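# Architecture at a glance
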Number of protein chains: 2
Amino acid sequence: MNGARALVQTLVDAGVTVCFANPGTSEMHFVVALDEVAEMRGVLALFEGVATGAADGYARMTGRPAAVLLHLGPGLANGLANLHNARRARSPIVAIVGDHATHHKRFDAPLESDIETLARNVSGWYRASRRSRDVAADAADAVAAALAGQIATLVLPADVSWSDGAAVARVRPPAPPVPVSDDVLAQLATILRSGEPTVLFLGGRALREPGLVAAARIAAATGAALLAETFPARLERGAGLPAVERLPYFAEQATAKLAPYRHTILVDAPEPVSFFAYPDKPSELVAPGCAVHRLAAGADDVTGALIALAERLDAPAVPPLAPASRPALPTGPLTVDAFARALGALLPDGAIIADEAQTSGVFLPMATAGAPRHDWLTLTGGAIGIGLPLAVGAAIACPGRKVICLQADGSAMYTPQALWTIAREHLDVTTILLSNSAYAILRLELQRTGAGAGGPKAREMLSLARPTLDFVALARSMGMPASRATTADDLVTELRRAFAEPGPHLIEAVVPPLV
Amino acid sequence: MNGARALVQTLVDAGVTVCFANPGTSEMHFVVALDEVAEMRGVLALFEGVATGAADGYARMTGRPAAVLLHLGPGLANGLANLHNARRARSPIVAIVGDHATHHKRFDAPLESDIETLARNVSGWYRASRRSRDVAADAADAVAAALAGQIATLVLPADVSWSDGAAVARVRPPAPPVPVSDDVLAQLATILRSGEPTVLFLGGRALREPGLVAAARIAAATGAALLAETFPARLERGAGLPAVERLPYFAEQATAKLAPYRHTILVDAPEPVSFFAYPDKPSELVAPGCAVHRLAAGADDVTGALIALAERLDAPAVPPLAPASRPALPTGPLTVDAFARALGALLPDGAIIADEAQTSGVFLPMATAGAPRHDWLTLTGGAIGIGLPLAVGAAIACPGRKVICLQADGSAMYTPQALWTIAREHLDVTTILLSNSAYAILRLELQRTGAGAGGPKAREMLSLARPTLDFVALARSMGMPASRATTADDLVTELRRAFAEPGPHLIEAVVPPLV
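Here's what I pulled together on the structure shown here. These numbers come from a predicted model, not from an experiment.

Assigned secondary structure in chain A consists of 20 helices and 17 strands. In terms of C-alpha radius of gyration, chain A reaches 24 Å, essentially the compact-globule figure of 24 Å for 515 residues. Principal axes of the C-alpha set define a box for chain A whose edges measure 65 × 60 × 45 Å. The burial tally for chain A puts 64% of its 515 residues in the buried class. Partitioning the contacts of chain A with sequence separation of at least 6, the portion at a separation of at least 24 is 81%.

So this is what it looks like as structure tokens:
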């Protein structure tokens, strides 16, 4: 058995059954192995950032890694931005980077580059496989490493793929999560019982139903506030789940939100800091003098810790849950508010939202809070161009569920090639392309950074209006059915149609920019 | 004066007057400075790989660096693939990577990453500016470093941009090229006079007119053969210039081409090696026992060395030059051969060819050898997605000349956003989009790597046919006039129209794949 086949079989045996791929010459034996191992699904992406973002979406929805197949250093480079987001989401991913044959590297052929430093930028685990007989064990180690919630990058030289002598390897079971100590629980219970203003700042695994329910029980028992991190990897929400607000993006709003609290308890979330720095503004968002504590993170049993804390506080078994409630259907002009209300009014049960709506999404949290339960996936690392790829991965992860991609226009143009993969795989993804013909967030940031209003050249750098992007034509160019909505009524009609019919749809929603 | 303004003014004073930009929040003060320094032209790209590839094209055509403006680590990551190509082309580029404010970095905000290792992957020079009062001197050093034929990356923290206390700096003049020693010239003259079969292997600066003429004089005087590297950054060719064949891409053809020679003299080119390794095939392409010599490279005066060698050999003043000659206009089916003849028949005088035609380009060298003189830019580093961005940069570098982008479909989809910048800047670029609905090169490589024919899943990984990409719609979605040619006659008609009318045109040429 050659190395490529042993590698693919090892992945499949470990439950890694999807490979998002953008292969080149050095990966041809891996590609051929796809036919030799029936259980592996190959999903072609026309650009590497689509493959890596899709693997992130898949991981967020399944908790398991997909593989991505990339072509040498430049292929990895093209996938790095979305791997950066995946790293911030702590998504398990097995990144396989094809490389020159081991004996070829010293010749510095044109595609030669330093793959390792690129990979380490985003990877918690890295290895370059050296021999066919090791490659399956290397892959097994990569899967085990990925399952800890990180990117594992395995470099696969062409001769390691094509040489015989390989055998399938088995992945060791992941270590169970570590229980949080009684000391920590006791200390935090004391704080929560003290009556001092306290907020539980929830991220990661704390934002899934069991964690949310336990956190809400703690809040109900103690009066503590709950806040979610600004950009969660996956937030379960909607009617019947505890309602948790996300910390605002803008630093001054976030600071105001956190101002009342004397204690911040971090639950699988880093301490909240400003996304960017601004002249004469602090980077840290908690109030001066606020004590910051940590309940659980990393290898800890986050959900178990929340439940144990709730029990210790004699919290009620059932906390307050969001009531079912939808906004009225909008009519008239298509504003970002009308867009949010249309989505809230029509959101299908069990939807998965891949959210890269940026400034056009400001009204979404409120408008969808009482909609049927759904998952909300966000831009965890700030590297734009993830909305459409996330939707690819989520749709492949959850074939029975409607995926809704909320995609700002400027961000869409980093990975538009995802539309082709959605069409090719006939994925059940409705994309609402929010077209405001501007980098609207930068218009806001221009003022907030103290750079001033900017002259005509600066304004041109933030405008997408010349020429206007036609996303209906763009989607159709990649085989995707598309329509345009210029009124709220149009949008309602198009959403109803798209939600009723499985398969790919793109609706270009022409909305005015916020500024 | 704040750091951003001093930086931009320093660049402009040093002749860096174009900035290909994809800015974000941390670059807002730089963007505002564009209005304060009238001589700086800002060119917006919707994706970073467009910006970096455009800077490469600009550098290849002017010999001077453009600036690129990128947004933190993920922005740089998106630009790396084309910076990889630029590094291989030894293009001078000043890459400015905006970063978090210096005091903000320790908070590990979502966009924080290790910019330095990413940058060093492609940069001959790297520095992170620390203070506003240093930034202009840092920029001056960056320009000086870039002028040595490399990428200089300057990291620009937001507070260095926005803080006052900066002053403009001056760039030190570049060191003159180093004359090649008499010893080297004498030794190589002896070899060339020996009558032993010898080939001059030309790259880099040796492929511009003065170098080509001197090399052809040496060939005329000694019977030595001339060969150009497979993927030159810029090859001047056409009627009235010495005709120099490029070494074939496929290793077995390259080996056969080099087999007759006992001496290979490298002139600003690395020793020829196989692009990829193949089982049981050598990586080195020169014949066993062939002696490899070096005339000039790096900091050497390459052109001066060729001229000095020609003089020492009493070479004729005027070597044989390519006669004017064009193929007949093709008619009938649109094949890759007909495409090549159409281009050869109609190529405008002084055209610049940005060539990423891949397998559809196999007949181009012969069909265009006697066309009016032109520049040919190729994919130097093998990182696909450079054709359209190169065309952007070449058109901005040379406003009076027609730029022709020969763009394969699969490669086009890595940086299609360049079409928008071409339309926005109304650049005189005619794109011939060669649409064969396949990664045709990989179909060839699948067999050549010994991976076999591949099963249905493998073949799907190499097919772009499901769904078909509609490049006319894609171009129009970004504001570019476009048409489709399905016969040779169509293509001739469309080329005539596009060549007669300045400004952007895209012609989708539907051609059958080679295999």
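Turning our attention to helix 17 (residues 440–448) of chain A. Within helix 17 of chain A, the full set of buried residues consists of A:Ala440, A:Ile441, A:Leu442, A:Arg443, A:Glu445 and A:Leu446. Each element contacted by the buried residues of helix 17 of chain A is listed here: helix 2 (28–36) of chain B. Following helix 17 of chain A by one or two positions, A:Gly450 adopts a phi angle in the positive range, close to 80°.

To continue, consider the relation of the copies chain B and chain A. Taken together, a rotation about one axis and a shift along it account for how the two chain copies relate. The two copies are related by a screw operation: chain B maps onto chain A through 180° of rotation and 0.0 Å of translation along the axis, at an RMSD of 0.0 Å. In symmetry terms, the pair is related by a two-fold rotation axis.

Glancing now at the packing of helix 12 (residues 336–346) of chain B against helix 20 (residues 488–500) of chain B. All names here are of chain B. One can describe the packing of helix 12 onto helix 20 by two numbers: an axis separation of 10 Å at closest approach and a directional angle of 35°. You can see that helix 12 and helix 20 cross each other, and the crossing is right-handed. In this structure, helix 12 contributes Ala338, Phe339, Ala342 and Leu346 to the contact, and helix 20 contributes Ala488, Leu491, Val492, Leu495, Arg496 and Phe499. Partitioned by chemical class, the residues of the contact of helix 12 with helix 20 number nine nonpolar, no polar and one charged.

All names here are of chain A. Viewed as axis vectors pointing N to C, helix 1 (residues 3–13) and helix 2 (residues 28–36) meet at an angle of 55°, and their least axial separation amounts to 8 Å. Here helix 1 is positioned oblique relative to helix 2, judged by the angle of their axes. Of the two elements, helix 1 crosses helix 2, and the hand of that crossing is right-handed. Facing helix 1, whose interface residues are Ala4, Arg5 and Val8, helix 2 presents His29, Phe30, Ala33, Leu34 and Glu36. Of the residues in the contact of helix 1 with helix 2, the class split is five nonpolar, one polar and two charged.

Right, let's get into the sheet that holds strand 14 (residues 403–408) of chain B. Residue and element names in this part refer to chain B. The sheet built from seven strands is open, its strands ordered 9-13-12-14-15-17-16 with mixed pairing. Two strands close off the open sheet at either side, each with one partner strand: strand 9 (235–237) and strand 16 (482–485). Each strand of the sheet is rotated relative to its neighbour by a mean of 20°, with strand direction disregarded. The strands touched by helix 14 (residues 387–397) within the sheet are strand 12 (352–356), strand 13 (374–377), strand 14 and strand 15 (429–435), with strand 14 carrying the most contacts at an inclination of about 175°.

The rules behind each value
Residues numbered from 1 in each chain as written. Chains lettered and ligands numbered in written order. Predicted model: local features only at pLDDT ≥ 70, side-chain atom pairs only at ≥ 80, totals over all residues. Helix = DSSP H or I, 4+ residues; strand = E, 2+ residues; numbered from the N terminus. Rg over C-alpha atoms; globule rule 2.2 N^0.38 Å. Buried ≥ 20, exposed ≤ 12 C-beta atoms within 10 Å, placed from the backbone. Contact = placed C-beta atoms within 7 Å. Least-squares fit on C-alpha atoms with pLDDT ≥ 70 in both. Axes fitted to C-alpha atoms, helices over the stretch in contact; angles between N-to-C directions. Left-handed = near helix turned anticlockwise from the far one by under 90°. Nonpolar A, V, L, I, M, F, W, Y, C, P; charged D, E, K, R; others polar. Parallel < 35°, antiparallel > 145°, perpendicular 65-115°, else oblique. Pairing = 2+ DSSP bridges.

Distances and angles like these do not, on their own, reveal function.
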